[in-house]
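For reference, the chains in residue letters:
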Amino acid sequence: MGTTTTDRITKEILLKAPRSRVWRALTDSKEFGTWFQSVFTEPFRPGARLQGRITYPGYEHLKFDLVIEKMEPERLFSFRWHPNAVDPSLDYSKEPTTLVEFTLEEIEGGTLLKLVESGFDAIPLARRADALKANEGGWAEQMVAIEAYLRRNP
Amino acid sequence: MTPDRDPARLESSAPIFAALGDATRLKLVARLCQSGPQSIARLTRGTPLTRQGITKHLRVLADAGLVRGRRLGRESRWELEPQQLIVAHRYLDLISKRWDAALRRLQELVEEGSA
């Protein structure tokens with residue numbers, strides 16, 4: 001349910017719920033936290049810089065920053081953050097952020113939600129490698145991955 | 001905040017795309033992928049470019065971390081440096097899977113009671 005390049009992630013999902021319901025789940029920081037597995041100290045509003053804390057068991061000590069960009073009611077919600085900025089010993093504040101954009105569209109049967117997170121090519125490669133190392137033990141599939149990439153991008 | 005308008009940042013933001021955004025360079029990467037490490041002479045064969053022209057393109061790819069040249073006797077052999085592409089793609093896969101899981105939880109939340 002989506003496409004990838006090295007710079008952006010795109011997702012689309014049909015939610016069988018009214019647009020107003022989806023909007024609330026995205027922009028009410030408490031509701032956002034329930035599915036995003038985090039808690040926020042403040043409500044979301046455009047321009048707000050806030051801190052979230054992860055609620056996923058075992059990761060409760062991890063915090064992350066979010067800067068809300070746009071809130072166009074029931075249409076567009078966007079924020080910037082440092083993706084995967086979960087190493088408490090590192091200062092990510094000077095590093096580039098990615099932009100996360102949710103757009104809502106009313107369609108038959110519910111709401112079409114599109115998600116785009118972009119700007120990954122600006123994230124230092126070392127950071128990306130660290131995230132992988134933390135998440136995968138081995139690198140066995142390296143050659144498979146590059147071949148697949150080049151087949152898709154001849 | 002309009003970081004995308006900052007030319008210095010824009011430039012640093014897409015070194016891989018810049019390097020691959022050229023038909024000749026894409027072909028060079030594909031040839032190195034298919035046939036393994038090769039000399040400049042072999043990479044030049046079958047192209048309308050000179051050795052110097054090919055070398056220039058290889059240098060752009062090398063600066064982006066996509067290929068590397070190694071001296072072997074009197075000539076250089078060029079080979080793919082796949083790490084960077086692999087890291088970029090696998091990293092995105094990781095983030096992508098996390099979004100899939102988060103969106104599934106969002107779906108459960110909003111469809112609960114409104115079905």
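Residues numbered from 1 in each chain as written. Chains lettered and ligands numbered in written order. Predicted model: local features only at pLDDT ≥ 70, side-chain atom pairs only at ≥ 80, totals over all residues. Heavy atoms only, no water.

Participant: Tell me about the confidence of the model for chain B, and name the residues and values.
Facilitator: Residues with a pLDDT of 70 or more make up 83% of chain B, whose mean pLDDT is 80. Both confidence scores are given for the complex: pTM 0.66, ipTM 0.81. (pLDDT = per-residue confidence, 0-100.)

Participant: Help me get a handle on the sheet that holds strand S2 (residues 67-72) of chain B, residues and values and all.
Facilitator: Residue and element names in this part refer to chain B. In space, the three strands of this open sheet follow the order S1-S3-S2, with antiparallel pairing throughout. Across the chains shown, the open sheet's two edge strands, defined by having one partner strand only, are strand S1 (38-39) and S2. Strands in contact with helix H3 (residues 23-35) are S1, S2 and strand S3 (75-80); relative to S3, the strand with the most contacts, it is inclined by about 90°. (Pairing = 2+ DSSP bridges. Helix = DSSP H or I, 4+ residues; strand = E, 2+ residues; numbered from the N terminus. Contact = heavy atoms within 4.5 Å. Axes fitted to C-alpha atoms, helices over the stretch in contact; angles between N-to-C directions.)

Participant: Tell me about the nonpolar core, and name the residues and values.
Facilitator: Counting residues in each nonpolar core, the largest one holds 44 residues, and the members touching the most others are Trp-35, Phe-79, Phe-102 and Leu-113 of chain A together with Trp-99 of chain B. The greatest single-element share of this core, amounting to eleven residues, is contributed by helix H6 (residues 83-111) of chain B. Among the nonpolar cores identified, the runner-up in size contains 16 residues, and Ala-19, Leu-20, Leu-66 and Val-67 of chain B belong to it. (Core = buried A, V, L, I, M, F, W, Y, C linked by side-chain atoms within 4.5 Å. Buried < 20%, exposed > 50% of the residue type's maximum accessible area, 1.4 Å probe, protein only.)

Participant: Summarise H3 of chain B; cite the residues concerned and give the values.
Facilitator: Residue and element names in this part refer to chain B. If you check H3, its first and last C-alpha atoms are 18 Å apart, about what 13 residues at 1.5 Å a residue would give, namely 18 Å. Three or more residues of H3 are buried, namely Arg-25, Leu-28, Val-29, Ala-30 and Leu-32. Measuring from the side-chain oxygen of the N-cap residue of H3 to the backbone nitrogen of Thr-24 gives 2.9 Å; that N-cap residue is Asp-22. Looking one or two residues past H3, Gly-36 carries a phi angle of roughly 75°, positive in sign. (Expected span 1.5 Å × (residues − 1). Polar contact = N/O pair within 3.5 Å; in protein donor to acceptor, adjacent residues only side chain to side chain.)

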